[in-house]
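Read off the chains here:
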Amino acid sequence: MANTDSLYFGRGTAEQFDEYIDFINYVFGFNGNEQDFPKLLPKLYRPELNPAGNSFIAMEDGKIKAAVGAFPGEIKVCGQTLKIIGIGNVSVHPYSRSKGYMKRLMTMAVDDMIAQGADLSALSGQRQRYNYFSYDYTGSVYNYTVDTTNLRHCYGNAPLTVTMTEVLPTDDEALDFIAALMAKSPYVAIRSREELYHILRSWEATPYIFTEDDRKVGYCVIQGSAVTEIAALQDEDFPAMVRAIVARLKRADFQLPDFQPGYARVLEGICSQLKITSKEMFSVLNYKRVLEAFLRLKTTYATLPDGELTVLIHGRAGDENLHLSVTDGVISVEHIDAAASATDNAADITSKNTPLELSHLEAMRYFFSPDCVTRRNAPDFVKVWFPLPLWMYAADCV
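On a predicted model such as this, the values are computed, not experimentally measured, just so you know. (Residues numbered from 1 in each chain as written. Predicted model: local features only at pLDDT ≥ 70, side-chain atom pairs only at ≥ 80, totals over all residues. Heavy atoms only, no water.)

(A) Quick look at the pairing of strand S6 (residues 120-123). Judged by which residues are buried, S6 turns out to be covered on both faces: Leu-120 and Ala-122 on one side and Ser-121 and Leu-123 on the other are all buried. Note: strand S5 (residues 80-92) against S6, three bridges, orientation parallel. Paired with Ile-84 across the two strands is Leu-120, which belongs to S6. Each parallel crossover has a hand, and the one from S5 via helix H3 (residues 101-116) to S6 is right-handed. Looking at chain direction, S6 and strand S14 (residues 273-284) are connected through four bridges and run antiparallel. Paired with Leu-123 across the two strands is Met-281, which belongs to S14. (Buried < 20%, exposed > 50% of the residue type's maximum accessible area, 1.4 Å probe, protein only. Helix = DSSP H or I, 4+ residues; strand = E, 2+ residues; numbered from the N terminus. Pairing = 2+ DSSP bridges. Right-handed = clockwise from strand over helix to strand, strands pointing away.)

Set out below in structure tokens:
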């Protein structure tokens with residue numbers, strides 16, 4: 001936080017809620033009625049949640065001229081809790097552009113994350129713009145397009161066996177079921193039960209519950225034609241859920257993470273097309289914890305061959321000299337000292353008998369991107385280990 005004459009850079013306050021919402025609505029061209037941050041993301045932009053206090057702002061003569069939201073959250077991956085900060089509403093008043101406000105606030109936000117011990121951060125935006133601040137498009141999303149023609153050929157005229165019903169804010173039984181089903185996954189977005197409905201409604205999405213007779217069998221979240229989140233109580237319930245969704249939408253795009261292979265096997269046999277793209281812009285701030293968690297997640301659906309990898313990462317939060325190994329399915333990610341790694345030839349990645357050395361953005365791509373040219377020339381075990389299934393559901397994005 002800094003105050004220089006008529007300029008202020010630091011966190012906002014709860015008392016600035018109205019001015020803050022008016023400002024970000026104005027910069028993004030929202031009219032406050034049909035388009036409005038509180039309507040778009042009620043999980044974040046309500047007075048009692050203090051969104052201005054979760055933001056870094058620049059003020060000129062007491063007026064907000066730029067803002068960067070930095071909203072905390074958590075995910076649990078194979079039992080390991082990771083602290084994640086989502087960046088949103090990056091905005092500068094048109095008359096205050098080219099003054100370096102966005103750069104200063106983004107740098108403050110990332111520095112603050114590191115000071116807090118955050119493991120990971122995420123945002124959406126123009127790639128090169130946010131490369132400057134350590135973010136890159138990584139993670140993998142598998143997008144399966146399914147329409148009524150696909151289903152007619154695959155299932156004929158077989159009747160639907162499940163009912164699909166929109167979840168309402170007062171439907172506590174359905175919301176409790178969704179919360180309990182989410183908790184069974186090896187990847188869990190930690191969501192307040194009190195805020196769950198608001199979270200699932202993020203980005204104007206709609207949550208649905210599936211029932212067969214009186215039995216709840218699954219849920220999904222739909223945004224436009226995209227199924228951004230889906231889970232079945234039992235794998236055998238999933239095909240019926242797909243059919244019910246497509247019957248309603250006529251054409252749906254199912255967005256799956258890599259760690260739902262059972263669902264992928266169903267969709268790959270009936271879809272009209274498959275696209276694999278990057279998921280989100282991420283910045284890893286603690287490579288040891290994130291690599292360890294997502295390597296363990298990958299072992300839940302893939303067999304990782306034995307191997308050892310030594311890597312020096314010049315990360316945004318500082319250098320991390322790591323030794324990664326897999327032995328009979330057991331994952332190890334440990335810090336090692338630089339002197340040891342300089343003589344350790346276990347990771348002959350470049351065929352020059354030297355450990356791998358990566359910049360922050362190179363490491364993001366090497367470990368997490370769907371494709372990485374450098375990784376193509378790596379040993380076979382590395383090509384199986386990576387990419388790791390870095391992930392964030394649309395409902396949790398800010």
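Read on for the rest.
(B) Quick look at the nonpolar core. In terms of nonpolar packing, the biggest core is built from 46 residues, with Tyr-187, Tyr-287, Phe-294, Leu-324, Phe-367, Phe-368 and Phe-386 touching the most fellow members. Residue contributions to this core peak at seven residues, all from helix H10 (residues 287-299). Each residue touching Phe-367, except ones within four places of it in the same chain, is listed here: Tyr-287, Leu-291, Leu-309, Val-311, Ile-313, Leu-358, Arg-375, Phe-386, Pro-387 and Leu-388. Ranked by size, the runner-up nonpolar core spans 44 residues in total, among them Tyr-142, Val-167, Phe-210 and Val-246. (Core = buried A, V, L, I, M, F, W, Y, C linked by side-chain atoms within 4.5 Å. Contact = heavy atoms within 4.5 Å.)

(C) Representation of the packing of helix H5 (residues 148-155) against helix H8 (residues 238-249). Look at H5 against H8: their axes get within 10 Å of each other, and the N-to-C directions meet at 140°. Overall, the two elements H5 and H8 adopt an arrangement that is oblique. Considering the relative orientation of H5 and H8, their crossing is left-handed. Residue-level contacts link Thr-148, Leu-151 and Tyr-155 of H5 to Pro-239, Arg-243 and Val-246 of H8. Residue composition of the contact of H5 with H8, grouped by class: four nonpolar, one polar and one charged. (Axes fitted to C-alpha atoms, helices over the stretch in contact; angles between N-to-C directions. Parallel < 35°, antiparallel > 145°, perpendicular 65-115°, else oblique. Left-handed = near helix turned anticlockwise from the far one by under 90°. Nonpolar A, V, L, I, M, F, W, Y, C, P; charged D, E, K, R; others polar.)

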